[in-house]
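Architecture at a glance
Listed below, chain by chain, are the residues.
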Amino acid sequence: MKTLILAAALLAALPAAAQTTAGRNLAAPCAICHGTEGRPAVSESPLIPLAGLPRDHIATQMRAFRDGKRPATVMHQIAKGYNDAQIDAIAAWYAAQRR
Amino acid sequence: MNKFERRDFLKLGAAAAALAAAGCAGTSYKARVVVVGGGFGGATAAKYLRLWDPAIEVLLVERANVFTSCPISNLVLGGFAKMDDIRQGYDGLRRHGVQLVNDEVTAVDAAKKTVRLERGGDLSYDRLIVSPGIDFNFGEIQGYEPAMQSGRVLHAWKAGSQTIDLRRQLEQMRDGGVYVLSIPLAPYRCPPGPYERASVIAEYFKRSKPRSKVLVLDANPDVTSKAGLFKAAWKDLYPGILEYRGANKAIAVDAATMTVKLEVEDVKGDVLNVVPPHRAGDVAMKSGLITTNNRWCDVDWRSMESKAAPGVHVLGDATLSAPAMPKSASMANNHAKIAAAAIVELLGGRTPEPLQILNTCYSFVSQKEAIRVSSVHAWDDKERTLKAVPGSGGISAARTEAEGTFAWNWARTIWADSLG
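Attention shifts here to helix α11 (residues 329-347) of chain B. Because an α-helix completes one turn every 3.6 residues, residues spaced three or four positions apart along the sequence face the same direction. Residues and elements named next belong to chain B. The first and last C-alpha atoms of α11 sit 27 Å apart over 19 residues, in line with the 27 Å expected at 1.5 Å per residue. Most of α11 sits out of view: 17 of its 19 residues are buried. Two residues or fewer after α11 comes Gly349, characterised by a positive phi angle close to 80°.

Written out as structure tokens, the structure is:
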């Protein structure tokens, strides 16, 4: 928990450009399933576009996956790799992308 | 200027002229990155460098005109996908401003920061990315190279002409024949790949030539990835068709008698698919980037920079894998993002921050059903490597058609994320 708070404090203390870069870097690996910058590459994609989704919605869903409150085929296992500060950074970055 | 240098100077002039003709003249860039190899790692790195800093000039050196994907190539072998499904051109990267150089790198001079091209002289760089994929240690299996050259023993472990040839052999095999798949000791490209291949070929036999057999000879003591899920699928779907033998290492092949020699016995087959042990691709060897066991390239996982050559970043299957990190397309694509982010920072005079990355690999166990493994990898400052985040990752609960749908989505999406 201490680490989480520290990570959150560190992330929040970064200047805006660095925060954006941190969010971008955390989100970039997700593109293998969710598409570059959160825009699905496949017209019949079973995944909803993350780009431009409300920030709170993304963060809430990630926490629900992580905490086992929303069933999933894969996201319950992946979300467990991210702390609250990282989830907030990912959510903020995707929310700021054009749809 | 001696004769050798003059010739190189002229070649470099020709390469520069070709780039100018490609519409790049007059653009001023702050730095040039050369990327060697247009697979999942190299293509992704080229694209993301342009996305994240358009002031960087990016040249991608690739010998092939089209990309051919290993993921989904097993479905081609099973007859459930076509070669066209796994191939695409490089126009997507051109749209991002990546300059394609259709050539092969023969040497790297990390001190002078140049790469030598087989056809077109030298290219200078500020940062170099090498994403060489794998090549094979054929010598570890006696008789392999002549057997492969005769066309009677194939690996098909790089998607392309051998994929087509192996599919043809499977189609031509008599009903009642034996397809032998020999798997090398880990680490090798795509840990679950051989078991997926055995599964989808067993499905093909079950439908089209039901008296035939799939015989898996694994040098490893047991299935190296998603073992429980694969074994359950084999028991339920392919009883009497698929036989798995662990700790069965191939030491020789004989094309004349269609025999795979193991340490304790000889095994005959009608189609011999023997996958030799791997190492980092030839270009890594020629460039002096191999650091470990004469096989793999060790890197700084914060930047993918080579431990052997400063200013050179190595990606993908060629790397000395971090703990619990598979040699996979997902990982190569993610390595590329580490390198791209680090290079943007370094060229901007800043210190790169480590990235947290993730792996997801789907495997088909039949035409439509798939299983999955995932992991999340974060920088560990004490151990100076990327490590799996405790509590994260895992495998599918069961094989399902829904996972098959996600598998196709993953494939199409990672192709687009890497090349589109």
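With that out of the way, let us pick up the interface of chain B and chain A. On the chain A side, the residues contacting the 35 residues of chain B number 27 residues. Summing both sides of the interface, chain B and chain A together bury roughly 2,600 Å²; the carbon and sulfur share of this comes to 61%. The interface formed by chain B and chain A contains one salt bridge. One can count 12 residue pairs in polar contact (both at pLDDT 80 or more) joining chain B with chain A. Elements represented by at least two residues in the side of chain B that touches chain A include exactly α2 (40-52), α11, β23 (357-364), β24 (370-380), β26 (394-395) and α12 (401-419) of chain B. Considering each element in turn, the side of chain B that touches chain A owes the most residues, 10 residues, to α12(B).

Moving on, we get to the environment of B:Phe80. Mapped onto the elements, B:Phe80 comes out in the loop between α3 (73-78) and α4 (83-86). A C-alpha to C-alpha distance of 30 Å links B:Phe80 and B:His335, two positions 255 residues apart in sequence.

Another aspect to go through is empty space enclosed by the protein. Within this structure, the stated rule accounts for two cavities of 30 Å³ or more. Put simply, the largest cavity is a space of about 50 Å³. A:Arg24, A:Ala27, A:Ala28, A:Glu37, A:Trp93, A:Tyr94, B:Tyr48 and B:Trp52 together form the lining of the largest cavity. Elements that contribute at least two residues to the lining of the largest cavity include exactly α2 (16-27) and α6 (84-95) of chain A together with α2 of chain B. Grouping the amino acids of the lining of the largest cavity by side-chain chemistry returns six nonpolar, no polar and two charged. Of the voids in this model, the second largest cavity is the one considered here, and its volume is about 40 Å³. What lines the second largest cavity is simply B:Gly316, B:Asp317, B:Thr319, B:Ser321, B:Met325, B:Pro326, B:Lys327, B:Ser328, B:Met331, B:Ala332 and B:His335. Residues of the lining of the second largest cavity, tallied by class, amount to four nonpolar, five polar and two charged.

On to the sheet that holds strand β16 (residues 259-262) of chain B, then. Residues and elements named next belong to chain B. Taken together, the three strands give an open sheet; going across it, the order is β15-β16-β17, and neighbouring strands pair in antiparallel fashion. The open sheet has two free edges, formed respectively by β15 (250-254) and β17 (266-268), since each of these has just one partner strand. On average, adjacent strands in this sheet sit at an angle of 25° to one another, irrespective of strand direction. Taken together, the three bridges between β16 and β17 define a ladder with antiparallel strand orientation. Along β17, the bridge assignment pairs Val260 with Val267.

What follows concerns the packing of aromatic side chains. For the coordinates displayed, the defined rule picks out 11 aromatic pairs over all chains. Here the aromatic rings of B:Tyr204 and B:Phe205 are separated by 5.8 Å at their centres, their planes lie at 45°, and the arrangement is tilted. Considered together, B:Tyr204 and B:Phe205 belong to a single accessibility category, that of buried residues. Ring-pair connections join several aromatic residues into one group, and the members of that group are B:Tyr195, B:Phe230, B:Trp234 and B:Tyr244. Across from the ring centre of B:Trp52, 3.8 Å away, lies the NZ or CZ of A:Arg24, which sits over that ring. Over the ring of B:Tyr204 we find B:Arg167; its NZ or CZ atom is 4.2 Å from the centre of that ring.

Residue and element names in this part refer to chain B. With respect to topology, three strands assemble into an open sheet ordered β6-β7-β8, the strand pairing being antiparallel. Each of the sheet's edge strands pairs with one partner strand only, and the pair in question is β6 (105-109) and β8 (121-124). Going from strand to strand, the sheet's axes swing by 25° on average, the running direction of each strand aside. One ladder, built from four bridges, connects β6 with strand β7 (residues 114-117); its direction is antiparallel.

A separate point is the pairing of strand β12 (residues 178-183) of chain B. All names here are of chain B. Of all six residues in β12, five are buried, a share of seventy percent or more. Here β12 pairs with strand β13 (residues 213-218) via six bridges, running parallel. Along β13, the bridge assignment pairs Tyr179 with Val214. Pairing of β12 with strand β18 (residues 271-274) involves four bridges; the strand directions are parallel. Looking at the pairing, Tyr179 lines up with Val271 of β18.

Conventions we followed
Residues numbered from 1 in each chain as written. Chains lettered and ligands numbered in written order. Predicted model: local features only at pLDDT ≥ 70, side-chain atom pairs only at ≥ 80, totals over all residues. Heavy atoms only, no water. Helix = DSSP H or I, 4+ residues; strand = E, 2+ residues; numbered from the N terminus. Expected span 1.5 Å × (residues − 1). Buried < 20%, exposed > 50% of the residue type's maximum accessible area, 1.4 Å probe, protein only. Contact = heavy atoms within 4.5 Å. Buried area = accessible area lost by both parts, 1.4 Å probe. Salt bridge = Lys/Arg side-chain N within 4 Å of Asp/Glu carboxyl O. Polar contact = N/O pair within 3.5 Å; in protein donor to acceptor, adjacent residues only side chain to side chain. 1 Å grid on protein atoms, 1.4 Å probe; cavity = no way out; pocket = protein on both sides within 12 Å on 5 of 7 lines; lining within 4 Å. Points joined across faces, edges and corners; volume = space filled by probe spheres on them. Nonpolar A, V, L, I, M, F, W, Y, C, P; charged D, E, K, R; others polar. Pairing = 2+ DSSP bridges. Axes fitted to C-alpha atoms, helices over the stretch in contact; angles between N-to-C directions. Phe/Tyr/Trp six-rings, centres within 6.5 Å; stacked < 30°, edge-to-face > 60°. Lys NZ or Arg CZ within 6 Å of the ring centre and 35° of its normal.

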